[in-house]
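Below, each chain spelled out in residue letters.
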Amino acid sequence: MLKFRGCQNFRQRLLLSTISGKAIRIDDIRAQDENPGLRSFEASFLRLLEKLTNGCVVEINETGTSLRYKPGMVVGGPGLVHDCGVQRSIGWFLEPLVLLALFGKRPLGITLKGITNDHIDPGVDVLRTVTLPLLKRLGVDDNGLELKVVKRGARPLGGGEVVLRVPIMKQLPLINLTDEGMVKRIRGVAYSMKVSPQSTNRMVDGARGVLNKLLADVYIFTDALSGSASGNSPGFGLTLVAETTSGCLIAAEAAASHSGGAAGSAAAQAAAQEGLVLEVGGEPLVVPEDVGRVAAQALLEEVKRGGVVDGGHQGLLLLLCALGPEEMHELRLGPLTPAAVRTLRHIKDFLGVTFAIRTESASQTVFMSCIGSGLRNLARKTA
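As the structure is a computational prediction, the values presented were derived from the model and not from experiment. (Residues numbered from 1 in each chain as written. Predicted model: local features only at pLDDT ≥ 70, side-chain atom pairs only at ≥ 80, totals over all residues. Heavy atoms only, no water.)

Undergrad: What's the story with the sheet that holds strand 2 (residues 24-27) in this structure? I'm lost.
TA: The pairing of strands in a sheet happens through backbone hydrogen bonds and is either parallel or antiparallel. Read from one edge of the open sheet, four strands run 1-2-5-4, paired in mixed fashion. If you trace the sheet from one side to the other, it starts and ends with strand 1 (2-5) and strand 4 (57-60), each paired once. Looking at each pair of strands side by side, their axes are set apart by 15 degrees on average, direction ignored. Sheet topology places strand 1 next to strand 2; four bridges connect them, and they run parallel. Its bridge partner being in strand 2, K3 is matched across the sheet by R25. (Pairing = 2+ DSSP bridges. Helix = DSSP H or I, 4+ residues; strand = E, 2+ residues; numbered from the N terminus. Axes fitted to C-alpha atoms, helices over the stretch in contact; angles between N-to-C directions.)

Undergrad: What is the right way to read the sheet that holds strand 18 (residues 328-333) from this model?
TA: Spatially, 11-18-20-19 is the arrangement adopted by the four strands of the open sheet, whose pairing is mixed. Because the sheet does not close on itself, it has two edges, and the strands there are strand 11 (176-177) and strand 19 (356-360).

Undergrad: Help me understand the pattern of salt bridges, please; the structure alone is not making it clear to me.
TA: Side-chain pairing between opposite charges can occur once the charged atoms of the two side chains come close. Tallied over the full model, the rule gives 21 salt bridges. Of the charged contacts, one joins E95 and R11 as a salt bridge, the two residues approaching to 2.9 Å between their closest N and O atoms. Separated by 84 residues along the polypeptide, E95 in helix 3 (residues 90-101) and R11 in helix 1 (residues 10-20) bring together distant segments of the chain. The class for E95 is partly exposed, based on a relative accessible area of 28%. The shortest N-O distance in the salt bridge between D223 and R152 comes to 3.1 Å. Placement of the pair is D223 in strand 13 (residues 218-225) and R152 in the loop between strand 9 (146-151) and strand 10 (160-166), with a sequence separation of 71 residues. Assessed through its relative accessible area of 3%, R152 is described here as buried. Connected through salt bridges with shared partners, the residues D125, R128, R152 and D223 form a single ionic network. (Salt bridge = Lys/Arg side-chain N within 4 Å of Asp/Glu carboxyl O. Buried < 20%, exposed > 50% of the residue type's maximum accessible area, 1.4 Å probe, protein only.)

Undergrad: Explain helix 1 here, please?
TA: Owing to its 3.6 residues per turn, the α-helix aligns residues three or four sequence positions apart on the same side. With nine of its eleven residues buried, helix 1 lies for the most part within the structure. Those residues of helix 1 that fall on the buried side of the exposure criterion are F10, Q12, R13, L14, L15, L16, S17, T18 and I19. A positive phi of about 80 degrees marks G21, the residue just after helix 1.

Below, the structure written as structure tokens:
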């Protein structure tokens, strides 16, 4: 049994435990906190794992500060439904779910309900326009892989709904992604829920003001929702995706939603309409143009970092390499994020795979190579 301490990388530990079949124990989960133990969104993720697997055992102590998890077999199957709650967004649940479902006994079909877009977790648009196309490019079956946004939902009340379909695979493919290419076009989605439809056009103007100085081929779709499809809370945001000449996709996003505090200025009050602050990443925002500008600058920052994926997808790509066939996998990434470094440590703990790292000082990028663990989908044999 592998032993860990603290609540960091909670999802990844459970994901790798389930895929590798190794039991884990996590102690000191927020032991020094005023409110110690597991949070409701972490308990919700454990319930989601119980729905997807057969035979998993979860033991939690009275205070919720210690957890023992014995993995079961990933079953998957169609027609599943899960309520993600409103503490974390649907993207927080989708990130590990997409990878886990590939190792299932049957193709997965699941409806997830909750918050679709916020400034804390990746939005569903990033997963739909970058994560799934990345998996398709690496060899996952195109027909069975789909993410459909039925309703959008913003903080604090959510009300969004997405449908995810993931096929199963016998074994993950060999990965060799070292050509990052040059940015040739930028696409995006500006969305709004329960606010003026003009908000989307104003976000597009804000983003174009930054991007059109550098690139002419910029097209941003608008998705202004009202009624039942717009969830239970007002909010708006923008997701941008840069596509390079080598087919790489790099994403950045900014989202504004109503927080519970009083507005800090008269301009913020006017924007919020109900006297509530609009935030992106914790910073008060005055107008939708600011959201567009923040998203565009975040995208330029990701492009400047280099690599075949943005910082948010580094961990996923490293996991795909480590779980792949016993051949040489090679990647080119920008400077490693703290989350990617923690992923490398967990890959070594669970799979015994270590990466060779070679830096290229001219472009500030990192070449990562490893021999995969050769993990196969054992659940599929018993189908």
